[in-house]
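# Geometric and topological summary
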Amino acid sequence: EEYDLAGFAVGMADEEKMIDGSTLEEGDLLIGLASSGVHSNGFSLVRKVFGIDDNPARLTEKIPELNATLGEALLRPTRIYVKAIKCLLSHGVHVKAISHITGGGLYENVPRMMKDGLTARINVDSFPVLPIFELIVREGQIPLRDMYNTFNMGLGMVIAIPKEEVGTAKEALTRAGERAYVVGSVVKGDAGVELV
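Counting of residues starts from 1 at the beginning of each chain's written sequence and follows it residue by residue. pLDDT decides what is reported in this predicted model: residues at 70 or higher carry local features, side-chain atom pairs at 80 or more are listed and counted, and totals for whole chains, interfaces and linings draw on all residues regardless. Side-chain descriptors were evaluated using all non-hydrogen atoms of the structure, hydrogens and water having been removed beforehand.

## Let's talk about the sheet that holds strand S7 (residues 180-188)
What makes two strands pair is DSSP finding at least two bridges between them. Note on conventions: DSSP H or I runs of at least 4 residues are helices, E runs of at least 2 residues are strands, and numbering of each starts at the N terminus. Spatially, six strands are ordered S4-S6-S1-S7-S5-S8 in an open sheet, and the strand pairing comes out mixed. On the outer flanks of this sheet lie strand S4 (97-100) and strand S8 (193-195), each paired with one strand and no other. With strand direction ignored, the average angle separating the axes of adjacent strands in the sheet is 25 degrees. Pairing of S4 with strand S6 (residues 155-161) involves four bridges; the strand directions are antiparallel. Looking at the pairing, isoleucine 98 lines up with isoleucine 159 of S6. Helix axes are fitted only over the stretch in contact, all axes being lines through C-alpha atoms; the angle between N-to-C directions runs from 0 to 180 degrees.

What follows is the structure, encoded as structure tokens:
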């Protein structure tokens, strides 16, 4: 009485319109888009931290700082960022690279958008960490390094743009209904990502 549903999509794009990170350069800014919660990654750790497999009733527990039950907070729909990216492009923002922050968190996803010799330097104090992640840290005694390597921590997407286009980008993202933060910049280096 269980099922597993999986799917995929195949698309086509004009090569000259592809956002592939090839134009990234030192000094580009990184914009982070707020997530709505855990999204769809890290649930094995979540179940372990909250003991859900042994005590499913925890899901109905009201958590004041979440303003919801644990189950409601965990089931908040994943934000989809298509409208935000289309809005940036329609406003003429040169989107140089994009990283969707899924399983592997910031440490594993952001380096995939970087060119050799460049590193994303992200200031972790530049965006709010969502209360669900603070609760996971507290309940599970999970080191912050592991949290940023598993969860989105409040950023569902990171976008690289030219520094001079930040005003236009933030205005477009606000119009698209996004909470956007300047979270860092592109610097020389081979680390892929540095969280400071």
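There is more to say after this.
## What to know about helix H7 (residues 166-175)
The rule is simple: take the accessible area with a 1.4 Å probe, protein chains only, and divide by the maximum for that residue type; under 20% is buried, over 50% is exposed, in between is partly exposed. Taken residue by residue, H7 has Ala169, Ala172 and Leu173 as its buried positions. All buried residues of H7 fall inside an arc of 100 degrees around its axis, so they share one side. In this structure, H7 carries Thr174 and Arg175 as exposed residues pointing more than 90 degrees from its buried face. If you follow the buried residues of H7, they end up packed against strand S1 (29-34), helix H3 (82-90), S6 and S7. Phi turns positive one or two residues past the end of H7, at glycine 177, with a value near 85 degrees. Throughout, the arc means that of the directions going from the helix axis to the C-beta atoms. Note on definitions: a residue-residue contact is assigned when non-hydrogen atoms from the two residues lie within 4.5 Å.

Read these as geometric descriptors, not functional statements.
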